[in-house]
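Understanding the architecture of this molecule
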Amino acid sequence: HVLWVATGSGVFRLEGDRLQAFAPGSPLVMNRVLSMYEDREGDLWMGTDSGGLQVLRDQKFTTYTTADGLSGNLVRCVFASAKGELWIGTDGAGLNQRTGSGFAHYSTADGLSSNVILSLAGGAGEDLWVGTPNGLNLLHQGKVKRFTSADGLPDDFIRSLYADRDGSLWIGTRHGL
């Protein structure tokens, strides 16, 4: 098994007793990694504090920024659906979906409760759960449904989400799970 570790000094790969550090000139040493996701193909997707979304494939980096159509360069979370759809949550620039031709964007103009996306998780079918500081959102067939403490959540600040195998959604807030 391989363990990826993000530190203030860059990203490291631990396999067995071998620790591999990325070169000082690599994009990850220049930007703080806030989130990581390894997809089914073994690609490592990393959200950074100012360098956008970075992808490590075959030990080579590819970077996506606003110049490539990403809505913001501070990437808080990354999620790939069971069908391989890639979702990217930014800090203030909304939600992005990677498409064949670039990125599709979702924001408060589309019904999201905030443009700060803190967490993502898969739902039933092609649904996507989106955690924000202003509540939980469900993206279903391009439409957004919002949930807040008025609907029974312990708090509106949704920091973490986990979809269990049995279909349960675990919701981490400032005031409980």
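Residue positions within a chain follow its written sequence, with the count starting from 1. With the structure being a predicted model, the display of local features is reserved for residues of pLDDT at least 70 and the display and counting of side-chain atom pairs for 80 or more, all residues being used for whole-chain, interface and lining totals. Calculated side-chain values reflect all of the structure's heavy atoms, with hydrogen atoms and water omitted.

A word on the packing of aromatic side chains
In plain terms, the rule: Pairing of aromatic rings covers Phe, Tyr and Trp, the last through its six-membered ring, and needs centres within 6.5 Å; plane angles under 30 degrees mean stacked, over 60 mean edge-to-face, and all others mean tilted. A helix here means a DSSP run of H or I that spans at least four residues, while a strand means a run of E at least two residues long, and both kinds are numbered starting from the N terminus. Each residue gets one of three labels from its accessible area relative to the maximum for its type: buried under 20%, exposed over 50%, partly exposed in between, using a 1.4 Å probe on protein chains only.
With the rule as written, the count across this model stands at 5 aromatic pairs. With centroids separated by 6.4 Å and ring planes inclined at 15°, the aromatic side chains of Trp45 and Tyr64 adopt a geometry described as stacked. Of the two residues, Trp45 is situated in strand β5 (residues 44–48) and Tyr64 in strand β7 (residues 60–64); the sequence distance between them amounts to 19 residues. Take Trp45: its relative accessible area is 5%, and that puts it in the buried class. Judged by centre distance (5.9 Å) and plane angle (45°), the ring pair of Trp129 and Phe147 falls under tilted. Placement of Trp129 in strand β13 (residues 128–132) and of Phe147 in strand β15 (residues 143–147) is noted, with a sequence separation of 18 residues between them. Through a chain of ring-to-ring contacts, three or more aromatic side chains come together here, namely Trp45, Tyr64 and Phe103.

Topic: the sheet that holds strand β10 (residues 95–99)
Operational definition: Any two strands with at least two DSSP bridges between them are considered paired. A fitted line through C-alpha atoms represents every axis, and for helices the fit uses only the stretch in contact; the resulting angles, taken between N-to-C directions, go from 0 to 180 degrees.
The strand order β8-β9-β10-β11 describes an open sheet built from 4 strands, whose pairing is antiparallel. What marks the edges here is a single partner per strand, and that holds for β8 (75–80) and β11 (102–106). Averaged over all adjacent pairs, the angle separating strand axes in this sheet is 25°, with direction ignored. The sheet contact formed by β10 and β11 spans 5 bridges and is antiparallel. Across the sheet, residue Asn96 finds its bridge partner in β11, namely His105.

Concerning the pattern of salt bridges
As a reminder of what qualifies: Basic side-chain nitrogens of Lys or Arg form a salt bridge, by our definition, when they fall within 4 Å of a carboxyl oxygen of Asp or Glu.
Within this structure, the stated rule accounts for 4 salt bridges. Arg76 is paired through a salt bridge with Asp91; the nearest N and O atoms lie 3.1 Å apart. Of this pair, Arg76 sits in strand β8 while Asp91 sits in the loop between β9 (86–90) and β10, and the two are 15 residues apart along the sequence. Classification of Asp91 as partly exposed rests on a relative accessible area of 33%. Across the pair Asp155 and Arg174 runs a salt bridge, and its minimum N-O distance is 3.0 Å. Here Asp155, found in the loop between β15 and β16 (158–163), pairs with Arg174, found in the segment after β17 (169–173); they are 19 residues apart in sequence, far enough to count as distant.

Thoughts on the pairing of strand β3 (residues 18–21)
Successive residues of a regular strand alternate their side chains across the two faces of the sheet. Note: strand β2 (residues 10–15) against β3, 4 bridges, orientation antiparallel. Within β3, the residue paired with Arg13 across the bridge is Gln20. The antiparallel pairing of β2 with β3 creates a hairpin that spans 2 residues between the two strands, and Gly16 there sits at a positive phi of about 65°.

Topic: the side chain of Ser113
The condition is simple: For the purposes of these results, a polar contact is taken to be a pair of N or O atoms within 3.5 Å, where, inside protein, one atom must be able to donate a hydrogen and its partner to accept one; residues adjacent in sequence count only when each atom of the pair is a side-chain atom. Whether two residues touch is decided by their heavy atoms; if any such pair falls within 4.5 Å, the residues are in contact.
Locating Ser113 in the fold gives a position in the loop between β11 and β12 (119–122). Accessibility expressed as a relative area gives 13% for Ser113, which makes it buried. In terms of polar contacts, Ser113 uses its side chain to reach the side chain of Asn137, at 2.9 Å. Those residues within four positions of Ser113 in sequence are excluded, and the remaining contacts are Thr108, Thr132, Asn134, Gly135, Asn137 and Arg146.

The analysis is restricted to geometry; functional conclusions fall outside its scope.
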